[in-house]
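Chain by chain, the residues:
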Amino acid sequence: MSTPLVVTASPHLKDRDSTPRIMWHVVLSLLPVIAVAGFSFGISALLVIAATTIGALVTERGFGRGDTLGDGSAVITGILLGLCLPAGLPLWMAVLGGIFGVGFGKLVFGGLGQNVFNPALIGRAFLQAAFPVAITTWPAAGQSFWTLRGDTFAFPFTSAQTDALTEATPLGLHKFEGTLTPLRELILGTTGGSLGETAALVILAGGAYLAWRGYLNWRIPVSVLLSTALLATVMHTVDPTHPDAWFMLFSGGLMLGAVYMATDMVTSPVTNTGRWIFGAGIGVLVVVIRLWGGLPEGVMYAILLMNALVPFINRMTQPRVFGTRRRVPG
Amino acid sequence: MWFTSGFAHGVHPPESKELTAQLPIRRMAYPKEIVLPLRQHAGKPATLCVKVGDRVERGDKVGEADGYISVPIHSSAAGKVVDVDWWPHPDGTMAMAVRILVDPYAPQIPRPRMVPHWEGLSVDEVVQAVQDAGVVGLGGAGFPTHVKLAPPKDFPIHTLIINGAECEPYLTSDHRTMAEYPKRVHFGIRVMMQTLGVSKAVIGVERNKPDAIEALTRTIPTDLDITILPLTVKYPQGAEKMLIHAVTGHEVASGKLPVSAGVVVQNVGSAAAIAEVFETGLPLIERIVTVTGHGLTRPANLIVPVGTKLRDLLDQCGGLTADAAQVIAGGPMMGLAQANLDAPITKGTTGIVVLARQETRTERVYPCIHCGRCLDACPVFLNPSLLGDLARVGRYDEMTDAHLSDCMLCGSCSYVCPSNIPLSQLFQVSKAGLRRAQASAP
Ligand code: SF4
Ligand code: SF4
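Note that this is a predicted model, so its numbers are computed, not measured.

A. Layout of the site of ligand 1. The environment of ligand 1 is formed by 13 residues, the closest being C378, C407, C410, G411 and C413 of chain B. Taken together, the residues of the shell around ligand 1 sort by class into 10 nonpolar, 3 polar and no charged.

Quick look at the structure:
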């Protein structure tokens, strides 16, 4: 026999799904979301997403262990971070967010799979802390494609000169001015907000595609959305000045968070029971922060808080070992 | 037939059984030489009882059972003993083996022997006859069958379970046995039921073998309580604990044997082998082997003399194709990849699967992304992701605490892992490491 035989330990077969394949499918499903962001906020949106992605990739390349760009996870982080930023954000801030997200959100933990918190949200939290004004300056939707929505090319660390057309987000409007944006506008995305806030239906479609392929666990978004809707309905019934479930579901970053951020496999529980609990926790926290917190939006903190609880949730929800009454100690 | 029994979790690898599922069993031509390892079963190896230069007939002993948990080895062909030496064993090690040059002119009929009339025999005599015939579990593990026919008295047995699940991809030897020799299977079951003193037997068959289910159902002896239970098609449905769960609804307690649940599990092939012993007096010297795979020219279900070298067997099936990459003894999920095609077929070899290059695993391993697929796959509800982390740093004590001992090395976790982490492979190594540590402990 001419060719040498391959000798490896069993099993000798392997399911066709691989980690890069899952990651790149997530990227693929995000393309329509990016397109909608571009449609709503023009060239600025695309520039911001490109900037965060470049920041993420450069960091992964420079400080990651070996050749890890191909697994696609840094691209996801970059795109997701971009999608939760306002279109007018100066690009140097966006790049910095990408660098920080991948560097401190992932690489310091040891790279892919080791991180506790969602890297995109870490990047976002950093930007929120560092540039609270820039990150809450929401350009209005619906200007021409080539209009820059803010001081996009500001030189790093100069104070931004915002003279662009801005608009408060529906959540901000509600929190600080008590006005409710009509549901129709929310769903169609003709409101102010971050890039990914205006594409609820496209996000849902992307999530459904991933869930169908088995690349996303449907329990998490369903649990997040259900618990948010339930609690919002209860609160609305008790006190009708609180917004109803529809407003809660379709405003802010909830869709993006529920479908794309909370479902990050690395930072969500590994058991199905755990996934229900995790999602419900996020939903409850979102409503609580939105109604009583100092900020109009709470999705980011809700997910980060629940991320921290994942090891604990995993431990509590291990299945009972076959033929015993005992769970595997986590 | 909408009702099937199954278990939670498990995986669905491509079955690839269509290559041989409808091919009738044929007898292969005798090879020029056979090699009989003295260790082909769990327990003590047989002790040599021939010497170089001896003439043996088909069915003569070449090795005697060494104690109770052991069986004799018989020659599968008439010929001359030419060598007794270490020889590659399909389990990857070297084993003492008897090499026999097959007499090309012998008619290869066994020496006439007394066929014991089983109904007149006592339980002990049946058990003895089964041991003398060298019958072992034909499903792979090769545990001596007679031992399971005489369970300890303090465990009352209520049901005999016959394993016809054949959940490994590619393999069809049990399938063909059930479809072509259903009466023989039933006769073997009759002998075993009588010996065990049970009144109930259940044959578990995955429902992807409707012709086998039909043949068995059609031939159930009217005086016996035998049920054919169609099982969900899922790997590892044929694992002993999964099968018992499907049949009885009970989980065998962790660390306990099936007898503790009041059942004895035997493989379909072993039932047929026992039938053969009491029909013709022939010991276990040949078995049905599925020779298949996308890297093989002419897949087949063959009656193969035990001791046939893999090389000779593959040659009879037209040889390997150009893109053949891996030759596996057993199924692709739990079988062993072969480095040396001089290794022989043993009593436990269910099949030889030749995988083509594109089916073999890729090498690149990614970090665990905590997708949880392995947890959803593990049939005994372990946390392979956690065990894998522990295995890589050699924390065996914590692995024990995480129920490593309950892992049956089925490979489901490795099969699904998108990061290509060799989980069950790591567990195999860990189990060995743990055994060594325990052996050297004071
Ligand atoms: S090899 Fe072990 S850990 Fe992996 S799925 Fe099978 S029983 Fe579970
Ligand atoms: S299947 Fe692989 S990547 Fe997924 S949790 Fe298990 S070990 Fe980790």
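B. Here's a closer look at the side chain of H74 of chain B. All names here are of chain B. By the secondary structure assignment, H74 is in strand β6 (residues 73-74). A distance of 3.0 Å separates a polar atom in the side chain of H74 from the backbone oxygen of D132. Among all residues touching H74, those that are not within four sequence positions of it are L36, G59, D60, K61, V62, D132, A133, G134, P283 and I285.

C. Molecular detail of the pairing of strand β7 (residues 79-88) of chain B. All names here are of chain B. Bridge count between strand β4 (residues 55-56) and β7: 2 bridges; the pairing is antiparallel. Each bridged residue has a counterpart across the sheet, and for V56 the counterpart in β7 is G79. Here 9 bridges tie β7 to strand β8 (residues 94-102), and the two strands are oriented antiparallel to one another. In the strand pairing of β8, D85 is matched with A97.

D. Quick look at a nonpolar patch on the surface. All names here are of chain A. On the surface, W218, V222, L226, W276 and I277 cluster together into a nonpolar patch covering about 450 Å² of accessible area. Elements represented by at least two residues in the nonpolar patch include exactly α9 (219-238) and α12 (272-292). Note that W218 resides in the loop between α8 (200-213) and α9.

E. Representation of the sheet that holds strand β10 (residues 200-206) of chain B. Residue and element names in this part refer to chain B. Ordered by their spatial adjacency, 4 strands build an open sheet running β11-β10-β9-β12, and the pairing between neighbours is parallel. Bordering the open sheet on either side are β11 (225-231) and β12 (263-267), each of which pairs with just one other strand. Each adjacent strand pair in this sheet contributes to an overall mean axis angle of 25 degrees, direction not counted. Summarising the sheet, strand β9 (residues 159-164) and β10 pair through 6 bridges and their orientation is parallel. Residue pairing for β10: I161 is matched across the bridge by V202. The strands touched by helix α6 (residues 240-248) are β9, β10, β11 and β12; relative to β9, the strand with the most contacts, the crossing angle is about 120 degrees.

F. Region of interest: the site of ligand 2. Residues in close proximity to ligand 2 include C368, I369, H370, C371, G372, C374, S385, C417, P418, S419, I421 and L423 of chain B, which together make up its full environment. Taken together, the residues of the shell around ligand 2 break down into 8 nonpolar, 4 polar and no charged.

G. Highlighting the domain arrangement of chain B. All names here are of chain B. We note that the domain assignment places domain 1 (123-280) and domain 2 (373-440) within chain B. Taking the mean C-alpha position of each, domain 1 and domain 2 sit 29 Å from one another. With 8 residues of domain 1 in contact, the opposing surface of domain 2 contributes 8 residues. At the boundary of domain 1 with domain 2, total buried surface from both sides reaches about 520 Å², with 59% on carbon and sulfur atoms. Area buried by domain 1 at its contact with domain 2 is led by Y235, P236 and M242, which between them contribute 57% of it. Run the count over domain 1 and domain 2 and you get 1 salt bridge. Between D406 and K241 there is a salt bridge, and its shortest N-O distance comes to 3.8 Å.

H. Quick peek at unusual backbone geometry. Of the consecutive residues S10 of chain A and P11 of chain A, the connecting peptide bond is found in the cis state with omega at 0 degrees. Topologically, P11 of chain A is positioned in the segment before α1 (19-41). That bond from Y235 of chain B to P236 of chain B is cis: its omega, -5 degrees, falls within 30 degrees of zero. Phi angles above zero are rare outside glycine, and E166 of chain B is one such case at about 45 degrees. Unusually for a residue other than glycine, Y170 of chain B sits at a positive phi of about 75 degrees. Structurally, Y170 of chain B is set in the loop between β9 and α3 (173-180).

I. View of the sheet that holds strand β14 (residues 300-305) of chain B. Residue and element names in this part refer to chain B. Across the sheet, which stays open at both edges, the 6 strands sit in the order β1-β14-β13-β17-β15-β16 with mixed pairing between neighbours. Looking at the sheet topology across the chains shown, the edges are occupied by β1 (26-27) and β16 (336-337). For strand β13 (residues 286-292) and β14, the ladder comprises 6 bridges, and the chain directions are antiparallel. Residue pairing in the sheet places V291 in a bridge with A300 of β14. Packed on one face of the sheet, α3 meets β13 and β14 and runs near 120 degrees to β13.

J. How the structure looks around α12 of chain A. With 21 residues, α12 of chain A should reach 30 Å at 1.5 Å per residue; the first-to-last C-alpha distance of 30 Å fits that figure. Inspection of α12 of chain A places G274, R275, F278, G279, G281, I282, G283, V286, V287, I289, R290 and L291 of chain A among the buried residues, and these make up the whole buried set.

K. Molecular detail of the packing of aromatic side chains. Under the defined criterion, the tally for this structure stands at 7 aromatic pairs over all chains. Ring centres of W92 of chain A and F131 of chain A lie 5.3 Å apart, and the angle between their planes is 80 degrees; this geometry places the pair in the edge-to-face category. Of this pair, W92 of chain A sits in helix α4 (residues 91-105) while F131 of chain A sits in the loop between α5 (119-130) and α6 (170-177), and the two are 39 residues apart along the sequence. Of the residues examined, F131 of chain A reaches a relative accessible area of 14% and is grouped as buried. With 6.2 Å between their ring centres and 45 degrees between their planes, Y209 of chain A and W212 of chain A make a pair best called tilted. Of the two residues, Y209 of chain A and W212 of chain A both sit in helix α8, 3 residues apart, roughly one turn of that helix. Since its relative accessible area comes to 67%, W212 of chain A is described here as exposed. Cluster of aromatic residues (ring-pair linked, three or more members): F100, F104 and F126 of chain A. Sitting above the plane of the Y181 of chain B ring, R184 of chain B keeps its charged end 4.4 Å from the centroid.

L. The packing of helix α3 (residues 73-83) of chain A against α5 of chain A, seen in detail. All names here are of chain A. Direction vectors running N to C along α3 and α5 enclose 40 degrees, while the axes themselves pass 8 Å from each other. Considering the angle they form, α3 stands oblique to α5. When the axes of α3 and α5 are compared, the crossing they make is right-handed. Contacts between α3 and α5 involve T77, L80 and L81 on the former and, on the latter, P119, A120, G123 and R124. Tallied by class, residues from the contact of α3 with α5 come to 4 nonpolar, 2 polar and 1 charged.

What counts and how
Residue numbers run consecutively from 1 along every chain, following the written order of its sequence. Here chains are named by letter from A upward and ligands by number from 1 upward, in the order in which they appear as written. For a predicted model such as this one, the threshold for reporting local features is a pLDDT of at least 70, and the threshold for listing and counting side-chain atom pairs is 80 or more; totals across whole chains, interfaces and linings nevertheless cover every residue. Just so you know, side-chain values use all the structure's heavy atoms and leave hydrogens and water out. Nearness of a residue to a molecule or strand requires only that one of the residue's heavy atoms be within 4 Å of it. Only Asp, Glu, Lys and Arg are considered charged in this grouping, and only Ala, Val, Leu, Ile, Met, Phe, Trp, Tyr, Cys and Pro are considered nonpolar; every other residue, Gly among them, is considered polar. A helix here means a DSSP run of H or I that spans at least four residues, while a strand means a run of E at least two residues long, and both kinds are numbered starting from the N terminus. Under this definition, polar contacts are N or O atom pairs within 3.5 Å; protein pairs additionally need one hydrogen-donor-capable and one acceptor-capable atom, and for neighbouring residues in sequence, both atoms have to be side-chain atoms. By definition in these notes, contact holds between two residues if any of their heavy atoms fall within 4.5 Å. Strand pairing is defined by DSSP finding a minimum of two bridges between the two strands. Patch membership is restricted to residues that have no salt bridge and whose relative accessible area is over 30%. Joining uses 9 Å for like charges and 5 Å for the nonpolar side chains Val, Leu, Ile, Met, Phe, Trp and Tyr. The protein chains shown are the only cover counted for residues, whose accessible areas, like all others here, come from Shrake-Rupley with a 1.4 Å probe. Whenever a carboxyl oxygen of Asp or Glu lies within 4 Å of a side-chain nitrogen of Lys or Arg, that contact is scored as a salt bridge. Only the stretch in contact is used when fitting a helix axis, every axis being a line fitted to C-alpha atoms; angles between N-to-C directions are given from 0 to 180 degrees. For the purposes of this description, domain bounds are those given by an automatic or database domain assignment. A simple way to read buried area is as the amount of 1.4 Å-probe accessible surface that goes missing from two parts once joined, with both sides added. To estimate the expected span of a helix, count its residues, drop one, and scale the result by 1.5 Å. Only protein chains enter the accessibility calculation, which uses a 1.4 Å probe; a residue is then buried when its area is under 20% of its type maximum, exposed when over 50%, and partly exposed in between. Two aromatic rings from Phe, Tyr or Trp, using only the six-membered ring of Trp, form a pair when their centres are within 6.5 Å; if the ring planes differ by under 30 degrees the pair is stacked, by over 60 it is edge-to-face, and anything between is tilted. Our definition puts a charge over a ring when NZ of Lys or CZ of Arg is within 6 Å of the ring centre and also within 35 degrees of the ring normal. Note that the term roughly parallel is reserved for angles under 35 degrees, roughly antiparallel for angles over 145, roughly perpendicular for angles of 65 to 115, and oblique for everything else. What makes a crossing left-handed is the near helix being turned counterclockwise from the far one by less than a right angle; a clockwise turn instead makes it right-handed.

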